[in-house]
Amino acid sequence: MIALIASACSVEPIEVSGIEAGSLTTTVLAADGSVIVRWHDGEDRVPVPFSSLPGHLVDAVVAIEDQRFWIHNGVDPGAVARAARANLEAGQIVQGGSTITQQYLKMAVVGSDLTIERKVEEAGLAVRLEEALSKREILERYLNLVFLGEGSYGVEAAAQRYFGVHAAELTLSQSALLAGLIVSPTTLNPYDDPGGALDRRSAVLDSMVGAGWLDRAQADRAAVESLGLLPRGFVDRSLYPYFTEEVRRTLLAEPALGDTVEERWELIHHGGLIIHTTIDPSAQVAAETAIRSVMPDDGPSAALVAIDPSTGMVRALVGGRDYYDLSDPVAQFNLATQGRRQPSSAFKPFALAAALDAGMDLDTVFPGGRVVSVTTDAGTRWTVANHEDALFPPLTLREATVFSVNTVYARVTDQIGPEAIVAAARAAGISTPLEPIASVALGTQEVTVLEMASAYSTLAAGGLRTEPTLVTRVTAPGGDVLFRTLPALTRAIDEDTAEKVTETLVDVVRRGTGQQAKIGRPVAGKTGTTEGSYDAWFVGYTPDLVAAVWIGFPEGTKPLTAPWTPFTVTGGTWPGQIWSRFAVSALSGQSYDDIAAAGEIATGLVTVEIDLATGFLAGPLCPRSHVAEIRIQASSVPTVECPIHNHGEVDIHAGTMPDVGDLDLTAAVSVLEAAGYGVTLSWDSTSDSPAGEVMAQHPIAGATVITSATVALTIAGPEPGTVIPEVLGSTAAEAEHALFSLGIPVRVILDSETPNAVPPDRAGLVWAQMPSGGMPLSGAVTIWVNPEPIGP
């Protein structure tokens, strides 16, 4: 066999590929060039030049694998002879005697079959390879290809996987451990057999001492060091997983990276690409920190997207609580980009933009009130109430936005049409298809957090629109640019319109519902809280940064109210707090750029404090949570200080609330409507009062209330039409009428309630019914009626 090998020494040199051939791991970089994550598909390999390898790593590998590497010609006859004897004694091939050169060829060219013919071929090629490449070049290729366990191919990938360092940063102890894995990376896996890995490390250190490349004292110190391994699989985890998974989805849809999704996947995970992204690590950390500082560990989830409005570049993205939480079934669902939720009043800025484009002005006045009904295009009546049934006087469009007045925006939609609002939202950047329905201005259709951040970016940029961007460029291993994104701004909203919207949203934060988002510099923003409190939003911006914050339970089945949260969460609470804490950190060190702000109060408007629970001027005893400082027309200012919370002399110019207590429902409504008040009803089925009687009214009787106010009545008994009425003591005719009027079939049984003669005053009356009164409607009702006395 040795003669066969020697005869191969004079053949022509062999051509081989460089270290960047084959499957390579893709690296994803943040905007500052730091590594976020590396992608591979089971074969993790990152090329590294020989010049970056520490000397003790090279010495460790050569000492344990091939001590004569630097002097042989690719084949070590002594090693071959030793292997031949071992194989003859065993009667089979049990030892290879391969040099590092031969091992490299086995990995790159020949394969791993242990046959005499394959070993001869391997030896011949080794000699040819050494004529083609220098020792350093051979060792460079070997150390970039050798398998070191846990999916790592090559020393750079292994250094990062086991120790979280580059190969150039490996210590002597770490280098010896990696060198020891080469012989059997699975058996000696330090995660599975740390003792075996330590013993093999000691053997490597002893070999280095024996070769004269390391003194005993150094070896002994290295031998007692702990393994110091990263948690298993840690290196495969992204620093910002919700962001990088969205990057992956984006690239899998990018035609520049392949004609099919399969081709793009192959290139992304095996092509050794360098993916340059837009994420700003400091902004991302600020976002994650802000969320953790506000949200309880066992509460709802939060999502946040931050964008640079001048470029569309996504600077931070949080899509959930913990992407890698195996106990959370929705952990890997991206709430920022995949989750779609109702934005509620955070959608009103697009309706405002549409209204301004339609010719309205910020000082256009609308009726306020507590509730309004409008007729939809379908011909149905749509009734809208303000949040917490707040009662407002007539308001300008600006004030209706500042205090998020639903009744005004219902009237705006009725005037300009929902189609105009859909068009404005789409132009701003809402890509989810929207239906032009009456409630669109109130944000009843679901969108993503990324869409909201992108659409508000258009407002922040003065009406200029740019697509949200996560990736700036993708380069191949050789440096060729495969894909590049350049910001492209287009006019989406009229500049004057955008500035008016912004100046209004500045007031939202300065004195409206978004005050918890204040950061010590001008901020524009809008809150949103859905009906039932299932979603809470704050979306805000400065000229340099836009961020959208959403809070809710991922499944959408729990409201943001007790007992699920400590208090009722609205857009102005936790979302606004998260936004402010994030923005303070993310904008730290940046100068204040100008932002549109409201000028002088329009002629005829005055600033007054209104108690929104009653509609009166706020007095000193009114709860401050009910009080808002509103700019309204002087002629619309209430003339009475709130008498509900502030007792004393009352100016009754606005009208005195009638007392409708103890009246039946029909009479009470007639009295109130005759006095010019609207009425809303609620029912108390636990009351002992007669069904249909007024139990309570708000505002109370005798209060001075503006005549456009709405009175809330609480009525005794269950809401009509929801339960079976109580008919005991009624005549048969009265009972049948009460039941038939609700569509309930009646079965009448004439039977005496006593074995003796029925008392005259009980004759003809219902004495039993089944089901009984108060039960849910379900089929027919049977009533038992005392018979009438028979004549003389």
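Note on numbering: residues in each chain are counted from 1, in written sequence order. Reporting of local features is limited, given that this is a predicted model, to residues whose pLDDT is at least 70; pairs of side-chain atoms are given and counted only at 80 or more, and all residues count toward the totals for whole chains, interfaces and linings. Where side-chain values are given, they derive from all heavy atoms of the structure, hydrogens and water being excluded.

Participant: I tried to follow the side chain of T530 on my own but got confused; where do I start?
Facilitator: Strands here mean DSSP runs of E at least two residues long; helices mean DSSP runs of H or I at least four residues long; both are numbered from the N terminus. Along the chain, the position of T530 falls in the loop between β14 (524-529) and β15 (535-541). The residues touching T530, leaving out its near neighbours within four places in the chain, are Q342, S344 and D535. Should any heavy atoms of two residues lie within 4.5 Å, those residues are counted as being in contact.

Participant: Could you clarify how one ought to interpret the sheet that holds strand β5 (residues 314-318) in this entry?
Facilitator: Strand pairing in a sheet relies on backbone hydrogen bonds. The paired strands run either parallel or antiparallel. In this analysis, strands are considered paired if DSSP registers two or more bridges between them. Pairing is antiparallel across the open sheet formed by 5 strands, whose spatial order is β5-β4-β16-β15-β14. With partners counted over all chains shown, the strands left at the sheet margins are β5 and β14, one partner each. The average undirected angle you get between the axes of adjacent strands in this sheet is 10°. Interaxial angles span 0 to 180 degrees and are taken between N-to-C directions of axes, which are lines fitted to C-alpha atoms, for helices over the stretch in contact. Against the sheet, helix α20 (residues 574-586) contacts β4 (301-307), β5, β15 and β16 (546-552), and its axis sits at roughly 145° relative to β16.

Participant: Can you help me understand the packing of aromatic side chains in this one?
Facilitator: A ring pair, where both rings are aromatic, is described by two values, the distance of the centres and the angle of the planes. Two rings from Phe, Tyr or Trp (for Trp, the six-membered ring) form a pair when their centres sit within 6.5 Å of each other. Planes less than 30 degrees apart are called stacked, planes more than 60 degrees apart edge-to-face, and all others tilted. Within the structure shown, the criterion is met by 11 aromatic pairs. Taking 5.1 Å as the distance between ring centres and 80° as the angle between the ring planes, the aromatic pair formed by Y323 and Y324 counts as edge-to-face. Taking relative accessible area as the criterion, Y324 reaches 21% and is therefore assigned partly exposed. With centroids separated by 5.4 Å and ring planes inclined at 70°, the aromatic side chains of F567 and W574 adopt a geometry described as edge-to-face. When its relative accessible area of 36% is taken as the criterion, F567 is described as partly exposed. Only protein chains enter the accessibility calculation, which uses a 1.4 Å probe. A residue is then buried if its area is under 20% of the maximum for its type, exposed if over 50%, and partly exposed in between.

Participant: Looking at this structure, how should I read the confidence of the model for the chain?
Facilitator: Detailed reading of the predicted coordinates is not advisable wherever pLDDT falls low. Predictor confidence is given residue by residue as pLDDT, running from a minimum of 0 to a maximum of 100. Confidence along the chain averages 86 in pLDDT terms, with 88% of residues attaining 70 or more. Note on residues 1-11: pLDDT under 50 across the span, and 15 contacts to partners over four residues away in sequence or across chains. Contacts for the low-pLDDT stretch residues 649-653, under 50 throughout, to residues beyond four places or in other chains number 8 contacts.

Participant: I tried to follow the pairing of β16 on my own but got confused; where do I start?
Facilitator: Side-chain direction in a regular strand flips from residue to residue, so the side chains alternate between the two faces of the sheet. Of all 7 residues that make up β16, 7 are buried, and the element is covered over most of its length. Across the two faces of β16 the burial is the same, with V546, A548, W550 and G552 and A547, V549 and I551 all buried. Here β4 pairs with β16 via 7 bridges, running antiparallel. Within β16, the position partnered with A303 by the bridge is W550.

Participant: Help me understand the sheet that holds strand β2 (residues 35-39) in this model?
Facilitator: In spatial order, the strands read β2-β1-β3-β11-β12; together these 5 strands make up an open sheet with mixed pairing. The strands lining the two open edges of the sheet, one partner per strand, are β2 and β12 (481-484). Taken pair by pair, the neighbouring strands of this sheet meet at an average axis angle of 15°, ignoring direction. In terms of strand pairing, strand β1 (residues 26-29) meets β2 through 4 bridges, oriented antiparallel. The partner of V28 across the bridge, within β2, is V37. Lying over the sheet, helix α12 (residues 261-270) contacts β1, β2 and β12, oriented at roughly 80° with respect to β1.

Participant: Mind showing me how you'd approach the packing of helix α14 (residues 348-357) against helix α19 (residues 495-511) here?
Facilitator: Think of two packed helices as two axes; the pair is described by the angle between the axes and how far apart they sit. At their nearest, the axes of α14 and α19 sit 9 Å apart, and the two run at 135° to each other. As far as their axial angle goes, α19 and α14 are oblique. For α14 against α19, the interelement crossing comes out right-handed. Here P349, L352, A353, L356 and D357 of α14 come into contact with α19, specifically with T497, K500, V501, T504 and L505. Any angle between 65 and 115 degrees counts as roughly perpendicular, while under 35 counts as roughly parallel, over 145 as roughly antiparallel, and the rest as oblique. In this scheme the crossing of two helices becomes right-handed for a clockwise turn of the near helix relative to the far one and left-handed for an anticlockwise turn of less than a right angle.

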